[in-house]
Every structure is written in structure tokens, then in C-alpha cells.
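Structural overview for review
Listed below, chain by chain, are the residues.
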Amino acid sequence: MTSNPIDRVTDIIDPGDALGEVLFGLIMALTLTVGSRLVFEEEGLDAQELIVATVGCNVAWGIIDAVLFVLGTTFYKSRRLRLFRQIKAAGSETAALNMLAKEFPIEEAPFSAKAADADPLYRSLLTLARRADPVRASLSKNDLLAALAVVFLVSVTSIPAVTPLFLIDSAHLALRVSNLFLITLLFVTGYAWAKFSGGRPFYAGVTMTCLGLLLVAIAVALGG
């Protein structure tokens, strides 16, 4: 059975990260279009320039975000490798177990657990660490695909922002429709986020919409 595009994307990148990138792209596009509406009231609007600016801005920030994603992934893998080597070189079992407890605190686990319950877990991890050999922390094919997914997700959110400018002659009406599309997608993003995380979809959709509009208002107010 053929998977849909959403399933393919979430196979490459964590759903939470993917939705975060979509949210980021929507806020970027909404900031530009809302800001353009304010300028339009005074100076008029060049639709062609707005289309180029919106698409260009989202693509540029998609690339920047992808580079930051790669750097973050590299840092995470290097840090894990460093921890692994420290555990192997630990002078005692107690010191090694303390390292594991500090790195993986049982208190942050998504289930109720006592400190005593963590000891068997840490000892199992220590056994695995002592049996394994360190490997070079390098980027995998999936990491690079995830970075490309970041570029795609941030870039593609510019499409609903600029589509009305192609289809509607009135620039004023086109901007209103564009803003409506983007605000609706903020709600859809929050709704989908709750679906993946087990939250309340409608509540999450409303919260995401309000949060997104607040961030856009801050960006416009500060000249972003």
C-alpha cells in the first residue's frame, strides 16, 4: 500500500520537528503578507515583488534552518559519542552509573517511576556500552534527507501565501485571502500537532493560531 506524502515526510523527520518547521514557515510568510498590507494602505503594492520576497525569504530561511539542523544533529551525535567514551573510561562502575543517571534522568521519563526502578535500566545500558565499540559520529543519509525535508517544509509554506496574488486581480482582496489561508493553516498545524502528541486537537489548534498571530504581531511591530 502506497504511503501518503505526510507519512513519507514523517518517516524522514520527527513529526514534532516537521510541524515546528511548518509553523516557522507560516509565521515567516504571514509576517511578510501582514506587513505588506500595512505598507499597501500607504504606498500601494507591487504583487510581483511581494511574491518574490515571500518565496525567497522562506527558501532562504529554510536553507538556514537546515544548516542549523545539521549542526545540531552533529553536535548531538558527537556528545553521545563523548559520553560513551567517558563511560568506557570510567574508573568505577558507580562513576559510570552516575554518568548515565545524569544523562538520562528517570524523573523526566513519561511514566511514573521510582529511583530504585532506574538502577536495572542504567545497569543494562552500562552492560551494552561496555560490550560495544565506539564508532565515528558522522551524518547519515537519513540526516541529510531530514535537512532537505526542513528546506522543503519551510519553503512550501510560502505557496498558500502567494497563490491568491496569482489568482485575484485585486491586491487588497488577495492579501486578505492570503492571510486567511495562513491563519487557517496555523490552526491545522496545531490540530495535527495534538493528533501526533495525544493532546486535544481543537484546543491545540486555537492555541497555535493565537500563538502564531502573537509572534507575527511582535515581528511586524519590531520591523521583522
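One structure accompanies this document, and this report is about it. Nothing here was measured: the structure is a model prediction, and the numbers come from that model.

Considerations on the overall build of the protein
Counting its regular elements, the protein contains 9 helices and 0 strands. Along the chain direction, N to C, the helices and strands of the protein fall in the order α-α-α-α-α-α-α-α-α. In the protein, which comprises 224 residues, the share counted as buried stands at 32%. Long-range pairs, those at least 24 residues apart, make up 72% of the contacts in the protein with a sequence separation of at least 6. Carbon together with sulfur atoms contributes 65% to the accessible area of the protein, which is approximately 13,800 Å² in total.

Considerations on the pattern of salt bridges
One pass over the full model with this rule turns up 2 salt bridges. Where Lys77 meets Asp143, a salt bridge forms, and the shortest distance between an N and an O atom there is 2.5 Å. On the criterion of sequence distance, the pair formed by Lys77 in helix α3 (residues 47-89) and Asp143 in helix α6 (residues 141-156) is long-range, its members being 66 residues apart. Taking the shortest distance from any N to any O, the salt bridge between Arg123 and Glu93 comes out at 2.5 Å. Of the two residues, Arg123 is situated in helix α5 (residues 115-131) and Glu93 in helix α4 (residues 93-103); the sequence distance between them amounts to 30 residues.

Examining the environment of Arg176
On the secondary structure map, Arg176 appears in helix α8 (residues 171-197). For the pair Arg176 and Pro164, spaced 12 residues apart in sequence, the C-alpha to C-alpha distance is 8.9 Å.

Thoughts on the packing of helix α7 (residues 159-167) against α8
Between α7 and α8, the shortest axis-to-axis distance is 8 Å and the interhelical angle comes to 155°. The angle between α7 and α8 falls in the class roughly antiparallel. The handedness of the crossing between α7 and α8 is right-handed. Two secondary-structure elements touch here, α7 through Pro160, Ala161, Pro164 and Leu165 and α8 through Ala174, Val177, Ser178, Phe181, Leu182 and Leu185. Looking at side-chain class alone, the contact of α7 with α8 contains 9 nonpolar, 1 polar and no charged residues.

Section: the packing of aromatic side chains
Under the definition given, this model contains 3 aromatic pairs. For the pair Phe24 and Trp61, a centre-to-centre distance of 6.1 Å together with 80° between the ring planes defines the contact as edge-to-face. Of this pair, Phe24 sits in helix α2 (residues 15-43) while Trp61 sits in helix α3, and the two are 37 residues apart along the sequence. On the basis of relative accessibility, which here comes to 27%, the residue Phe24 falls in the partly exposed class. Note on Trp61: relative accessible area 36%, which makes it partly exposed. Taking the centre distance of 5.8 Å and the plane angle of 70° together, the rings of Phe187 and Phe202 count as edge-to-face. Here the residue Phe187 occupies a position in helix α8, and Phe202 occupies one in helix α9 (residues 201-221), the gap between them amounting to 15 residues. Among the residues examined, Phe202 registers a relative accessible area of 59% and is labelled exposed. Taken together, the aromatic side chains of Phe187, Tyr191 and Phe202 make up a single cluster linked through ring pairs. Sitting over the ring of Tyr203, Arg200 keeps its end group 4.7 Å from the ring centre.

As for the side chain of Asp143
The buried category is assigned to Asp143, whose relative accessible area is 13%. The residues contacting Asp143, other than those within four sequence positions of it, are Phe69, Thr73, Lys77 and Ser138.

Some remarks on the layout of surface pockets
Put simply, the second largest pocket is a space of about 170 Å³. Arg79, Arg80, Arg82, Leu83, Gln86, Met99, Lys102 and Glu103 together form the lining of the second largest pocket. Looking at the lining of the second largest pocket, the elements that each hand over two or more residues are α3 and α4.

Details of α8
Note that an α-helix has 3.6 residues per turn; residues three or four places apart therefore point the same way. Between its first and last C-alpha, α8 extends 39 Å over 27 residues, near the 39 Å set by a 1.5 Å rise per residue. Of the positions making up α8, those classed as buried are Ala171, Ala174, Leu175, Ser178, Asn179, Leu182, Leu186, Thr189, Gly190 and Ala194. Between the side-chain oxygen of the N-cap and the backbone nitrogen of Leu173 there are 3.3 Å, and the N-cap of α8 in question is Ser170. Within two residues after α8, Gly198 carries a phi angle of roughly 85°, on the positive side.

What counts and what doesn't
- Position labels on residues start from 1 in each chain and follow its written sequence.
- Since the coordinates come from a predicted model, pLDDT governs what is reported: local features require at least 70, and pairs of side-chain atoms require 80 or more to be given and counted, while whole-chain, interface and lining totals use all residues.
- Side-chain calculation: all heavy atoms of the structure are included, whereas hydrogens and water are not.
- Numbering of helices and strands starts at the N terminus; helices are DSSP runs of H or I of at least 4 residues and strands are runs of E of at least 2.
- The buried label goes to any residue with under 20% of its type's maximum accessible area, the exposed label to any with over 50%, and the partly exposed label to all in between, with areas taken from a 1.4 Å probe on protein chains only.
- We call two residues contacting when some pair of their heavy atoms lies within 4.5 Å.
- Methods summary: accessible areas were calculated by the Shrake-Rupley approach with a probe of 1.4 Å, and residue burial reflects only the protein chains presented.
- Each salt bridge in this description consists of a side-chain nitrogen of Lys or Arg and a carboxyl oxygen of Asp or Glu lying within 4 Å of one another.
- Interaxial angle, 0 to 180 degrees, is taken between N-to-C directions of lines fitted to C-alpha atoms, where a helix line uses only the stretch in contact.
- Each angle receives one of four descriptions, namely roughly parallel if under 35 degrees, roughly antiparallel if over 145, roughly perpendicular if within 65 to 115, and oblique otherwise.
- Working rule for handedness: look at the near helix, and if it is turned counterclockwise from the far one by less than a right angle, call the crossing left-handed; if clockwise, right-handed.
- In this classification, the charged set is Asp, Glu, Lys and Arg, the nonpolar set is Ala, Val, Leu, Ile, Met, Phe, Trp, Tyr, Cys and Pro, and all remaining amino acids, among them Gly, are polar.
- Note on aromatic contacts: the rings of Phe and Tyr and the six-membered ring of Trp form a pair at centre separations within 6.5 Å, being stacked when their planes are under 30 degrees apart, edge-to-face when over 60 apart, and tilted otherwise.
- Charge-over-ring contacts are defined here by two conditions on Lys NZ or Arg CZ: a distance within 6 Å of the ring centre and an angle within 35 degrees of the ring normal.
- With a 1 Å grid spanning the protein atoms alone, the term cavity applies to any set of points in which a 1.4 Å probe fits but cannot get out, the term pocket to an open set with protein on both sides within 12 Å along at least five of seven lines, and the term lining residue to any residue with an atom within 4 Å of a point.
- Grid points are joined across faces, edges and corners, and a volume is the space filled by probe spheres set on the points.
- A helix is expected to reach a length of 1.5 Å times the quantity of its residues less one.
- Any pair of N or O atoms that falls within 3.5 Å is considered a polar contact. Within protein, one atom must be able to donate a hydrogen and the other to accept it, and sequence-neighbouring residues count only if both atoms are side-chain atoms.

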